[in-house]
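# Analysis of the macromolecular model
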Amino acid sequence: KVEVLGEKIQSTKKKYFDEWTKSQNNEKVSPGHFFKYLRSKFPDDGIMVVDDGKHTFLTAELFPVYRPNGFISPTDFNCMGFCVPAAIGAKLSNPDKTVNAIVGDGAFTMTGMEMLTATANGAGIVYYIFNDGELGQISQFQKIPLNRKTCTVLPGANFEGVAMATGAKYLKMNNDSEIQSIIDQANTLVKENVPVLVDVNIDYSRKTFLTKGVVKTNLGRFPMDQKVRFLARAAKRHLVG
């Protein structure tokens, strides 16, 4: 039974991953293609640090982890702003290991200046900012029932300016065709023992398993009359606007 369950999990994960890599995106960076190449260039004993947001669940779903303590996340308390300083702590504690960090643009604006600490201590960390101009996970949760987004749009930040101010190297990843070259450049630059900031024009158009699961679970908790009323109101918003 354990073997059958393991095979089911493996086949389901493969099917899910394949859905993310069916086509190339010329306008934005597809998470599936991004994580596929990042994983191929990431050592098995490396440490991946994430923040709180949609990128957290994309990383958990699309980035295999092969060693204990290879994935550090603030998901117990969902603390935005965790990633930048946490990655510094991980690198200073494990100077001989590769440390990468994935952080949303909203979370990065909270503690991004801590990269100055990384520069001052020679902590070579690659920070990938998943930049979509809004609080992506909250935005998606709002869009499903309300058909509109409230309180999620972010003012445009000049992340290249932040990199300059903190002594970090800066790279911009615009679409799928740039994934390999930018990741390779970042891996080269970080060998200079400086933080590298990669501004990723991420495509958040697809729902994560987390989003689907939350909607399904919460809807299932409603009594039937409330469930019908909730679905009717959501349908009206999507049809009428």
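Residues numbered from 1 in each chain as written. Predicted model: local features only at pLDDT ≥ 70, side-chain atom pairs only at ≥ 80, totals over all residues. Heavy atoms only, no water.

### What to know about the packing of aromatic side chains
In this description, an aromatic ring pair is defined by two values, namely the gap between the centres and the angle between the planes. Condition: Aromatic pairs are defined between Phe, Tyr and Trp rings, using the six-membered ring for Trp, whenever the two ring centres lie within 6.5 Å; interplanar angles under 30 degrees are classed as stacked, those over 60 as edge-to-face, and all others as tilted. A run of DSSP states H or I qualifies as a helix once it reaches four residues; a run of E qualifies as a strand once it reaches two. Both are numbered from the N-terminal end. The classification of residues rests on relative accessible area computed with a 1.4 Å probe and restricted to protein chains. Under 20% of the type maximum is buried, over 50% is exposed, and intermediate values are partly exposed.
For the structure on display, the rule yields nine aromatic pairs. A centroid spacing of 5.3 Å and a plane angle of 80° characterise the contact between Phe34 and Phe130, whose relative ring orientation is edge-to-face. Here the residue Phe34 occupies a position in helix α2 (residues 31–40), and Phe130 occupies one in strand β4 (residues 126–131), the gap between them amounting to 96 residues. By relative accessible area, Phe34 is classed as buried at 0%. Here the aromatic residues Phe34, Phe35, Phe42, Phe63, Tyr128, Phe130 and Tyr204 are joined through ring pairs into a cluster of three or more.

### Digging into unusual backbone geometry
At Asn69, a position not held by glycine, the phi torsion is positive, near 65°. Along the polypeptide, Asn69 turns up in the loop between α3 (54–62) and β2 (71–72). Located in the positive-phi region is Asn193, a residue other than glycine, with phi close to 60°. Locating Asn193 in the fold gives a position in the loop between α9 (179–189) and β6 (196–201). Relative accessible area serves as the criterion here: at 47%, Asn193 is assigned to the partly exposed category.

### Points about the pairing of strand β5 (residues 169–173)
The condition is simple: At least two DSSP bridges between two strands are required for those strands to pair. Here, the term right-handed applies to a crossover whose path from the first strand over the helix to the second runs clockwise when the strands point away from the viewer.
As paired strands, β5 and β6 are joined by five bridges and run parallel to one another. Across the sheet, the residue bridging to Leu171 is Val198, located in β6. Read from β5 through α9 to β6, the crossover connection turns out right-handed.

All quantities given are derived from atomic positions and should not be read as evidence of function.
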